[in-house]
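A structural walkthrough
Single-letter residue listing:
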Amino acid sequence: MLTFDKLKLVTKIDYIQIDDIDRFQQTIKNNTLTELKFNITSPYLLYIEIDYLEKELVIEFSGKILGSDYKKLISTETIRQCFENINSLGVCSLDVEAILADAIVVKCDVTQDVYCADISVVAEFIRGNMKSYKQFSVKCHRNGNLTIDKSVDTRQAKKRITIYNKSREMKKMDNRKFMNEYNIPDAEFDNMCRFEINLNSKAQIRTSLGIADTRLMSVLTSTRNPIIDFLDDIVANTDEMIPLTDKQTYITTLVLRDCNNDLAEVEEKMRQIYSKGTNISKVMKPYKEALAKKNKSKFTKQDLLQMLR
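Residues numbered from 1 in each chain as written. Predicted model: local features only at pLDDT ≥ 70, side-chain atom pairs only at ≥ 80, totals over all residues. Heavy atoms only, no water.

Looking now at the nonpolar core. In terms of nonpolar packing, the biggest core is built from 82 residues, with L7, F61, F83, I126, F195 and L231 touching the most fellow members. Counting 8 residues, the second largest nonpolar core, distinct from the first, contains M170, F178, M179 and F189. (Core = buried A, V, L, I, M, F, W, Y, C linked by side-chain atoms within 4.5 Å. Buried < 20%, exposed > 50% of the residue type's maximum accessible area, 1.4 Å probe, protein only.)

Another point: the pattern of salt bridges. All chains considered together, the criterion is met by 14 salt bridges. The partner of R194 in a salt bridge is D5, and the shortest N-O contact between them spans 3.4 Å. One end of the pair, R194, is in strand 12 (residues 192-199); the other, D5, is in strand 1 (residues 4-12), and 189 residues separate them in sequence. Linking D102 and K12 is a salt bridge whose minimum nitrogen-to-oxygen distance equals 4.0 Å. Placement of the pair is D102 in helix 2 (residues 96-102) and K12 in strand 1, with a sequence separation of 90 residues. (Salt bridge = Lys/Arg side-chain N within 4 Å of Asp/Glu carboxyl O. Helix = DSSP H or I, 4+ residues; strand = E, 2+ residues; numbered from the N terminus.)

This next bit is on the packing of aromatic side chains. Using the criterion set out here, one finds 6 aromatic pairs in the structure. Between Y70 and F189 the ring centres are 5.9 Å apart and the planes differ by 50°, which places this aromatic pair in the tilted class. Of the two residues, Y70 is situated in the loop between strand 6 (56-62) and helix 1 (79-87) and F189 in the loop between helix 5 (173-181) and strand 12; the sequence distance between them amounts to 119 residues. The burial state of Y70 is the same as that of F189; both residues are buried. Among the aromatic residues, those joined into a cluster by ring pairs are Y70, F178, Y182 and F189. The ring centre of F178 lies 5.3 Å from the NZ or CZ of K64, which sits over that ring. (Phe/Tyr/Trp six-rings, centres within 6.5 Å; stacked < 30°, edge-to-face > 60°. Lys NZ or Arg CZ within 6 Å of the ring centre and 35° of its normal.)

Function-wise, these values are silent; they only describe arrangement.
This is the structure we're talking about:
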């Protein structure tokens, strides 16, 4: 079952009734009400836009809308609860069943939380075993988050995955307030690693989820896991090690040392040395294998994919 930490939906204006118009920002043109907006970012993200000219209703919300059930994230099992919690605010009344049947998903964050004893091992493994550092940009941020971006020219094709320590994130001040407000135990997210992939267009959602349309229930019931698919595509196969000769080992070690064991830097230098058209993946294989052998955890690509299944 797929889970999400954020959904942005577009549906018909008929499926909302305003209960407290004073809580909406109003746009009036030529003495006519053209738009209403409701937006909060704490304790969760909730954005509601009513466009009277286009006759559209836009709703965007994060998984924290579930309150004490936040850990469950947004899914087929919790989607009604999300809408019911919105209705309980007294701002508006949503026609839940109509929205479930009609709404179109225009953006979503597919999210998966998995238990992991040492999240740094996972992040370092992925960073050190990319198939191509030219096609994908890998960044390890100061807060420990690892982001991988597909290097593309168009927004529609852009794809990003973020991997981070969820327990550490939930200890931030704003998140601690959220957990206290909903009586969530301090240890609820201990040893939890979050994988999150951002799908920012309908075309990207259809392709990544293997669905014909982006209706809400089509998205929620997709049997594809775009996180596994993305990682399987970008991470090199490290399960079969080819023994190196002493001379090869020595030269490989020197190159890695010169490049601070950074495979992206190694690849950049190899591209300067080898002619255009050279199979860089083949050139990089000994360096990836040598670096993988240094990993005492013996973590492999199959271990990575298995933990997400």
